[in-house]
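A closer look at the structure
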Amino acid sequence: MNRLVAVACLLPLLGCQATASRLRGLGPLENDGEVYLYLEPYPRGSERLAFALESAAAVASDGTAVPLELSLAEVSATSASWQRLLARGRLAPGPYRGFLLKVKRATLDTEGTVSDLLVPAEPVRVDASFAVVRRKAALLRVWFRPAESVSKGFAFTPAFSAGIGEAPLGDLVGYCSNTAWDNLTVFDKRARRVVGVLPTGRGPAGLAIDPLRRRAYVALSGDDQVAILDVQSGEEIARIQLRPGDGPQELGLTPDGKLLVVVNTRSGTAAFLDPQATMELSRVRTGDEPGSLLIDRSGRRAYVLNRRSASLTVLDLANRAVVSTAGTDPEPLRARLDRAGTRLYLLAAGSSYLTVFSLPGLSVSKRVLVGLGASALEVDPRTDFVYVGGRDDDQLRVFEPASLLPMRRFELPGPAALTAIDDANDALFSVVPSRRLVAANDLVSGRSLGTMEVGEDPYQVSLVGERR
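Thresholds, definitions, all that
- Numbering of residues starts from 1 in every chain and runs along the sequence as written.
- Totals for whole chains, interfaces and linings use every residue, but because this is a predicted model, local features are given only for residues with pLDDT of at least 70 and side-chain atom pairs only at 80 or more, for both listing and counting.
- Calculation of side-chain values draws on the structure's entire complement of heavy atoms; hydrogens and water are dropped beforehand.
- The helix count covers DSSP runs of H or I at least four residues long, the strand count covers runs of E at least two residues long, and both are numbered beginning at the N terminus.
- Here the globule rule reads 2.2 Å times residues to the power 0.38, and the radius of gyration is calculated from C-alpha atoms.
- The classification of residues rests on relative accessible area computed with a 1.4 Å probe and restricted to protein chains. Under 20% of the type maximum is buried, over 50% is exposed, and intermediate values are partly exposed.
- Should any heavy atoms of two residues lie within 4.5 Å, those residues are counted as being in contact.
- Residues belong to a common nonpolar core when they are buried Ala, Val, Leu, Ile, Met, Phe, Trp, Tyr or Cys residues joined through side-chain atoms within 4.5 Å.
- Criterion used throughout: strands pair if DSSP finds at least two bridges between them.
- A fitted line through C-alpha atoms represents every axis, and for helices the fit uses only the stretch in contact; the resulting angles, taken between N-to-C directions, go from 0 to 180 degrees.
- Any two rings among Phe, Tyr and Trp, with Trp reduced to its six-membered ring, count as a pair given centres within 6.5 Å; such a pair is stacked if its planes are under 30 degrees apart, edge-to-face if over 60, and tilted if neither.
- Placement of a positive charge over a ring is assigned whenever Lys NZ or Arg CZ falls within 6 Å of the ring centre and within 35 degrees of the normal to the ring plane.
- Criterion for a salt bridge: a side-chain nitrogen of Lys or Arg within 4 Å of a carboxyl oxygen of Asp or Glu.
- The pLDDT score gives, residue by residue, the confidence of the prediction method on a 0 to 100 scale.

1. Points about the overall build of the protein
Of regular secondary structure, the protein possesses two helices and 40 strands. Over its C-alpha atoms the protein spans a radius of gyration of 24 Å, differing by no more than 12% from the 23 Å that the globule rule assigns to 468 residues. C-alpha extents for the protein along the principal axes are approximately 75 × 50 × 35 Å. When each of the 468 residues of the protein is scored for burial, the buried share is 58%. When contacts within the protein are restricted to residue pairs at least 6 apart in sequence, those whose partners lie at least 24 apart make up 50%.

2. So, the nonpolar core
Counting residues in hydrophobic clusters, the biggest one holds 35 residues, and the most contacted among them are Leu37, Leu39 and Phe51. If you list the elements that add at least two residues to this core, you get strand E1 (33-39), strand E2 (49-60), strand E3 (65-70), strand E5 (84-91), strand E6 (94-110), strand E8 (124-132) and strand E9 (137-144). If sequence neighbours within four positions are ignored, Leu39 has contacts with Leu72, Val75, Ala80, Trp82, Gln83, Arg84, Leu86, Val142, Phe144 and Phe160. Among the nonpolar cores identified, the runner-up in size contains 20 residues, and Leu139, Val438, Leu449 and Met452 belong to it.

3. Focus on the sheet that holds strand E23 (residues 279-285)
Pairing between the strands of a sheet is mediated by backbone hydrogen bonds and can be parallel or antiparallel. With respect to topology, four strands assemble into an open sheet ordered E20-E21-E22-E23, the strand pairing being antiparallel. Lying at the two open borders of the sheet, with one neighbouring strand each, are strand E20 (248-253) and E23. Each strand of the sheet is rotated relative to its neighbour by a mean of 25°, with strand direction disregarded. As judged from the six bridges shared by strand E22 (residues 269-274) and E23, these two strands associate in the antiparallel manner. Note that in E23 the partner of Leu273 across the bridge is Glu280.

4. Overview of the packing of aromatic side chains
Under the defined criterion, the tally for this structure stands at ten aromatic pairs. Look at Phe51 and Phe156: their rings are 5.3 Å apart centre to centre, the planes differ by 35°, and that puts the pair in the tilted class. Placement of the pair is Phe51 in strand E2 and Phe156 in strand E11 (residues 155-156), with a sequence separation of 105 residues. Judged by relative accessible area, which is 1%, Phe156 ranks as buried. Ring plane angle 15° and centroid distance 5.4 Å describe the contact between Tyr96 and Phe130, whose orientation is recorded as stacked. Here Phe130 lies in strand E8 and Tyr96 lies in strand E6, a separation of 34 residues in the sequence. Phe130 carries the same exposure label as Tyr96, and that label is buried. Within the aromatic cluster, the residues linked to one another by ring pairs are Tyr42, Phe51, Phe144, Phe156 and Phe160. The positively charged end of Arg88 is found above the aromatic ring belonging to Trp181, 3.8 Å away from the centroid.

5. Some details on the pattern of salt bridges
Under the defined criterion, the tally for this structure stands at 34 salt bridges. Between Lys189 and Asp422 there is a salt bridge, and its shortest N-O distance comes to 2.8 Å. Remark: Asp422 occurs in strand E36 (residues 419-422) and Lys189 occurs in the loop between strand E14 (183-188) and strand E15 (193-199); sequence separation between them is 233 residues. When its relative accessible area of 3% is taken as the criterion, Lys189 is described as buried. Residue Asp422 is classed as buried on the basis of its relative accessible area, which comes to 0%. A salt bridge links Glu466 to Arg468; the shortest N-O distance between them is 3.7 Å. Residue classification places Arg468 among the exposed residues on the basis of a relative accessible area of 55%. Within this structure, Asp380, Arg382, Asp423, Asp426 and Arg467 form a network of salt bridges that share partners.

6. What about the environment of Ala302?
Secondary-structure assignment places Ala302 in strand E25 (residues 301-306). Exposure remark for Ala302: the relative accessible area of 0% places this residue in the buried category. Sequence-wise, Ala302 and Ser324 are 22 residues apart; in three dimensions their C-alpha atoms are separated by 11 Å. If sequence neighbours within four positions are ignored, Ala302 has contacts with Leu293, Leu294, Ile295, Thr313, Val314, Leu315 and Leu317.

7. Things to note about the confidence of the model for the protein
Any residue range with low pLDDT should be treated as having predicted coordinates unsuitable for detailed reading. Taken as a whole, the protein shows an average pLDDT of 93; of its residues, 95% reach a score of 70 or greater. Scored below 50 in pLDDT, residues 1-23 shows 38 contacts in the model against residues more than four places distant or in partner chains.

8. Here's the deal with the sheet that holds E15
Read from one edge to the other, the open sheet built from four strands follows the order E15-E14-E13-E40, with strand pairing classed as antiparallel. Two strands in the sheet have a free side with no partner beyond their single neighbour: E15 and strand E40 (458-463). Each strand axis lies, on average, 25° off the axis of its neighbour in the sheet, ignoring direction. Two elements, E14 and E15, share six bridges in a ladder whose sense is antiparallel.

9. Looking at the pairing of E20
With six of six residues buried, E20 is to be regarded as a mostly interior element. Pairing analysis gives five bridges linking E20 to strand E21 (residues 260-264), with the strands arranged antiparallel. Looking at E21, one finds that Gly252 is bridged to Val261. In sequence, E20 turns back onto E21 through a hairpin of six residues, with Gly257 there showing a positive phi of about 75°.

10. Examining unusual backbone geometry
A cis geometry characterises the amide bond from Leu359 onward to Pro360, with omega recorded as 10°. Following the sequence through the fold, Pro360 ends up in the loop between strand E30 (353-358) and strand E31 (363-369). In this model, Asp224 sits at a positive phi of 55°, which is unusual for a non-glycine residue. Looking at where Asp224 falls in the secondary structure, it is placed in the loop between strand E17 (215-220) and strand E18 (225-230).

Below is the structure:
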């Protein structure tokens, strides 16, 4: 028995459960690299055919099979109607020949009668040359070929083709930060397809994009740093060091790109950074447990929501100082401004109301009943429509700006968290943490434009060309 077959026979014992426990909680990449296999949508006309996978492995250049974490075990027209993460894993740097998939069962529906198909005893080899680079992630796109997978009407040997994912043009790039997996998912916002993964430091959370300089900024909550990435290449340019114990959560960039503001949850501060010189300029105290940040469109004011102290801190960005503080409902979560900058909408996790503050005085002008468990808030600066989602609600409710009465609802695959609007395509992108998804909806009709499977504990979605 050769080495490849011997190792392949061990795959059922080294399947998805064992590998999953090994992969989770490993922290950022050091000496290894990663591979991600994304299965492209199930071919139309093959709805009667379905199969289940038992394990997956990568095949090194010497024939060694290295187990991967299997993410999608049941493959069918329903489960794979959109692009799905099939498997992932950490690998030693070097060249690889492809991967192995062990089939557990397969079925064929013939005129309402479901029959079991004969499946191969050994794992199926899928040829795909790729290289794993230290501290990098390779993404392979995988296509299932059903017409070549069934023979004699009863034998099933799945046929696949695979290729390296292609990066989109800079204007089409979107990111989602995955806090638990220490990486960013890169997607094509027009095609609504995942095209890459960028490993980061520990606990990536808040994101900000500078469209002029083509840079992306990532708050690394576990490293007390801000990473700076080149949007076109995906390469990390530099990091800005904060203070030990800061726990940076969210960040925002002024419209001219000259000042980066970071809220530090653990130290209860807001830090002002020079992104070009990659250094901290100064910092101020906020309330307890600041978590959310909003910079106005003029770049003059920033609003920090302090979750534990139930307060809103207003920052003067020119003077890098606190100018006022206002009380809020318990656990303020998210704030947005209207188009004119005269209304500030605020959602709090511990309140059933959406509070509307008048600016600049921060007096409460209105409270709108939206239900307990707020989780998402967006305001379209083009129309002033207000979008509100709850943590137990698979919808976004749309409120008319003058009356703040609900107009309609957008259906989502789960409760939304943070959102972003793509200006060029009039699309609303929502993070759905419970299902590890980013969902896109048309802003005009509300219809679903597609979903993308991202990483564990997704935090924020950010787009090149985001409407602000």
